[in-house]
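# Residue-level structure breakdown
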Amino acid sequence: MYVRLSDGREIPMEMHKVRIVQKTNLPPAAQRLAAMEGAGYNTFLLRTRDVFLDMLTDSGTNAMSDNQLGAMMVADDAYAGSESFYRLQDAVKEVLGFEHTLPVHQGRAAENLLSKAFVKPGDVVPMNYHFTTTKAHIDLNGGQVLELYTDEAMKTDGTHPFRGNMDVQKLKETIAEYGAEHVPFVRMEATTNLIGGQPFSMANLREVKAVAATHGIPLVFDGSLISENAFLIRQREAGYADKSIGEIMAELMSCVDIFYMSGRKSAAARGGLIATSSEEYYGRILPWLPVYEGFATYGGMSTKEVEAMAVGIREMTDLDTAGSGVEFVRYFVERLVARGVPAVTPPGGLAAHVDAMRFLPHIPQEEYPAGALATSIYLASGVRSMERGTVSTDPDESGKDVLADLELARLAVPRRVYTMSQIEYAVDRLAWLYAHRHLVKGLKFAHQPPVLRFFFGRLAPLEDWGRELVRAFEADFGTEC
Ligand SMILES: *Cc1c(COP(=O)(O)O)cnc(C)c1O
């Protein structure tokens, strides 16, 4: 919710009160430099003790509600037939409308099972955009991801309200080209993560569903960020302003054959699930569940998290809860833009994304501008962001880099975790960094793992620019912060 102050300013309002806190540290710049060198210029390899604001991800880092924590205390630790599972299944049925729920330990486990059950070598999987783990699982099963985004998707300074839409004409052409028998499913990802947390519209989902249904192809919905997409539909799509988040989610689900989600995002728990009303699809996936995850009534999750997810799914339908991240992201992005920082617009659903190609135009893509931006943000602030660009894109079979469509540093806003002053601090340090951007140079790989290299890869700065940057920072702010 946004509130207008008497001086005309509008600010996002926290519709909750904080009742448990965790202490955080602001390590001085020299310590940040040492930590970054120890982490091989990869923000994934930093430790919490060296991080001030952890904006790496919103995955598993959201503040739980008191009701979620309370539910964890009454979890039923049965291997088979756990009452906690039935409470989750009831929540899914009530909120999303599906008969069957298959719990899994997190979102990528759902992707593994779906890819195992549906994708054959030679298949293609059309989607509005890929997610790192989705693509990895489809690739591992011999399939190929086809991203059918619209021309608007890659405009990082755009105004289009639904940059996560799929290009429906391209979908028709793809099915005609490959044949429906080679398209095991069409995937739509809510609040499309890697293009800046951008939503798709209800109208687009309906059109995609209609095309897929004509060919008997199931529609798979990655709903890890479903409540944010529903919230943005309510704000941006004509005809939805008076609908509840629950009604919008139910309408979205009326187009969906198989739903899956990471419970770590919108649902503020740590787990995941697949849901469907189709006996056939359920029967295809179920046998694999105990092979990879655990028995069908816990799926590799702690029953405490099963309980928290059941409550979290119900709470996703609450307007204030659904908007808690989105409204802070909007404020964050608008403040960055006001200070001249090239943040991705319009604001998306999970993070403020900063466009590294506009921030650091002097760094060629081969030298990982988004990686340089994410690491320099940390040096200048202690704020941990995530590289979403060429470092996060694995090389092709010959080992050659595949240049990403976008080079972004993603500053996730974990739901209900950070306050206005912390956001203001991040904005200010990013603005300082932008003014000193000429000091930032590129990176090169020192060690490259064979798959999803962004997790454990180690890099090194070209020309030791980290030291230069910290020196400039200390000249302006001293050595204490
Ligand atoms: C996080 C995420 C996943 C993967 O879920 P994990 O729980 O991290 O395994 C899949 N899709 C989307 C859109 C996500 O945001």
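Residues numbered from 1 in each chain as written. Predicted model: local features only at pLDDT ≥ 70, side-chain atom pairs only at ≥ 80, totals over all residues. Heavy atoms only, no water.

### Details of the domain arrangement of the chain
- As assigned here, the chain comprises domain 1 (2-58 + 321-477) and domain 2 (66-315).
- A C-alpha centroid distance of 27 Å is found between domain 1 and domain 2.
- Contacts between the two partners involve 29 residues from domain 1, matched on the other side by 37 residues from domain 2.
- Both sides together, the interface formed by domain 1 and domain 2 hides about 2500 Å², and carbon and sulfur atoms give 55% of it. (Domains from an automatic or database assignment. Contact = heavy atoms within 4.5 Å. Buried area = accessible area lost by both parts, 1.4 Å probe.)

### Looking at the nonpolar core
- The biggest cluster of nonpolar side chains holds 64 residues, and the ones touching the most others in it are Phe-332, Leu-336, Leu-373, Leu-379, Leu-411 and Leu-433.
- With nine residues, helix 16 (residues 420-435) is the single largest residue contributor to this core.
- Setting aside residues no more than four positions away along its own chain, Phe-332 makes contact with Met-55, Ala-352, Leu-411, Val-413, Ile-423, Ala-426 and Val-427.
- Membership of the second largest hydrophobic core comes to 57 residues, among which are Met-202, Leu-219, Ile-226 and Ala-308. (Core = buried A, V, L, I, M, F, W, Y, C linked by side-chain atoms within 4.5 Å. Buried < 20%, exposed > 50% of the residue type's maximum accessible area, 1.4 Å probe, protein only. Helix = DSSP H or I, 4+ residues; strand = E, 2+ residues; numbered from the N terminus.)

### Some thoughts on the site of the ligand
- Residues in contact with the ligand amount to 14 residues; listed here are only the nearest, Gln-106, Arg-108, Asp-222, Ser-262 and Lys-265.
- Between the ligand and Arg-108, the relevant distance is 2.6 Å, taken from an oxygen atom to a side-chain nitrogen or oxygen of the residue.
- Between an oxygen atom of the ligand and a side-chain N or O atom of Ser-262, the distance comes to 2.6 Å.
- In the complex, 98% of the free accessible area of the ligand, which totals 380 Å², lies under the protein chains.
- By residue number, the principal contributor to the shell around the ligand is helix 4 (residues 107-118), which donates three residues.
- Of the residues assigned to the shell around the ligand, the class counts are two nonpolar, six polar and six charged. (Near = heavy atom within 4 Å. Polar contact = N/O pair within 3.5 Å; in protein donor to acceptor, adjacent residues only side chain to side chain. Areas by Shrake-Rupley, 256 points an atom, 1.4 Å probe, with all protein chains shown as cover. Nonpolar A, V, L, I, M, F, W, Y, C, P; charged D, E, K, R; others polar.)

### So, the sheet that holds strand 13 (residues 386-388)
- Here we have three strands laid out as an open sheet, ordered 11-14-13, and antiparallel in their pairing. Edge strands, defined here as strands with exactly one partner in the open sheet, are strand 11 (351-355) and strand 13. Taking each pair of neighbouring strands and ignoring which way they run, the sheet shows an average axis angle of 30°.
- Two elements, strand 11 and strand 14 (residues 408-412), share five bridges in a ladder whose sense is antiparallel. Residue pairing for strand 14: Ala-351 is matched across the bridge by Ala-412. (Pairing = 2+ DSSP bridges. Axes fitted to C-alpha atoms, helices over the stretch in contact; angles between N-to-C directions.)

### Some thoughts on the side chain of Ser-84
- Along the chain, Ser-84 falls in helix 3 (residues 83-96).
- Polar contacts involving the side chain of Ser-84 include one to the main-chain amide nitrogen of Asp-76, which spans 2.8 Å.
- At a separation of 2.7 Å, a polar atom in the side chain of Ser-84 contacts the side chain of Glu-307.
- Sequence-distant contacts of Ser-84, that is, excluding residues within four places in its chain, are made with Ala-75, Asp-76, Thr-303, Val-306 and Glu-307.

### Some points on unusual backbone geometry
- Residue Thr-345 is joined to Pro-346 through a cis peptide bond whose omega torsion reads -5°.
- Backbone geometry at Thr-191 places phi at a positive 50°, although glycine is not the residue there.
- Summarising the element assignment, Thr-191 is placed in the loop between strand 7 (186-189) and helix 7 (202-214).
- Of note, the phi angle at Ala-268 is positive, near 50°, even though the residue is not glycine.
- Inspection of the secondary structure puts Ala-268 in the loop between strand 9 (258-262) and strand 10 (272-276).
- Residue Ala-268 is classed as buried on the basis of its relative accessible area of 8%.

### Overview of helix 7
- When the terminal C-alpha atoms of helix 7 are compared, their 18 Å separation across 13 residues agrees well with the 18 Å that a helix rising 1.5 Å per residue should span.
- Restricting attention to buried positions, one finds in helix 7 the residues Met-202, Asn-204, Leu-205, Val-208, Lys-209, Val-211 and Ala-212.
- Check the buried side of helix 7 and you find it contacts helix 6 (168-178), strand 7, strand 8 (219-222), helix 8 (226-236) and helix 9 (245-253).
- Following helix 7 by one or two positions, Gly-216 adopts a phi angle in the positive range, close to 70°. (Expected span 1.5 Å × (residues − 1).)

### So, the packing of aromatic side chains
- Following the criterion strictly, the structure yields 21 aromatic pairs and no others.
- Through a chain of ring-to-ring contacts, the aromatic side chains of Phe-44, Phe-454, Phe-455 and Phe-456 assemble into a single cluster.
- The cationic tip of Arg-388 hangs over the ring face of Phe-454; the distance from NZ or CZ to the ring centre is 4.7 Å. (Phe/Tyr/Trp six-rings, centres within 6.5 Å; stacked < 30°, edge-to-face > 60°. Lys NZ or Arg CZ within 6 Å of the ring centre and 35° of its normal.)

### Some words on the environment of Ala-275
- Of note, Ala-275 is situated in strand 10.
- For Ala-275, a relative accessible area of 0% puts it in the buried group.
- In this structure, the C-alpha to C-alpha distance between Ala-275 and Phe-98, residues 177 residues apart in sequence, is 6.0 Å.

### Quick look at the environment of Lys-441
- Tracing the chain through its elements places Lys-441 in the loop between helix 16 and strand 15 (443-447).
- Taking the C-alpha atoms as reference points, Lys-441 and Glu-14, separated by 427 residues in sequence, lie 38 Å from one another.

### Focus on the packing of helix 8 against helix 13 (residues 319-338)
- Contact geometry for helix 8 and helix 13: axes closest at 9 Å, N-to-C directions at 90°. Our classification of the angle between helix 8 and helix 13 gives roughly perpendicular. Residues Ser-227, Glu-228, Phe-231, Leu-232, Arg-234 and Gln-235 of helix 8 pack against Leu-319, Ala-322, Gly-323, Val-326 and Glu-327 of helix 13.
- Among the residues forming the contact of helix 8 with helix 13, the class breakdown is five nonpolar, three polar and three charged. (Parallel < 35°, antiparallel > 145°, perpendicular 65-115°, else oblique.)

### A closer look at the environment of Gln-68
- Among the structural elements, Gln-68 can be located in helix 2 (residues 66-72).
- Residues Gln-68 and Gln-89, 21 residues apart in the sequence, show an inter-C-alpha distance of 16 Å.
- If we ignore the near neighbours within four places in the chain, the residues touching Gln-68 are Ala-267, Ala-268, Ala-269, Ala-308, Val-311, Gly-312, Glu-315 and Arg-416.
- In this structure the side chain of Gln-68 is engaged in a polar contact, spanning 3.0 Å, whose partner is the backbone oxygen of Ala-267.

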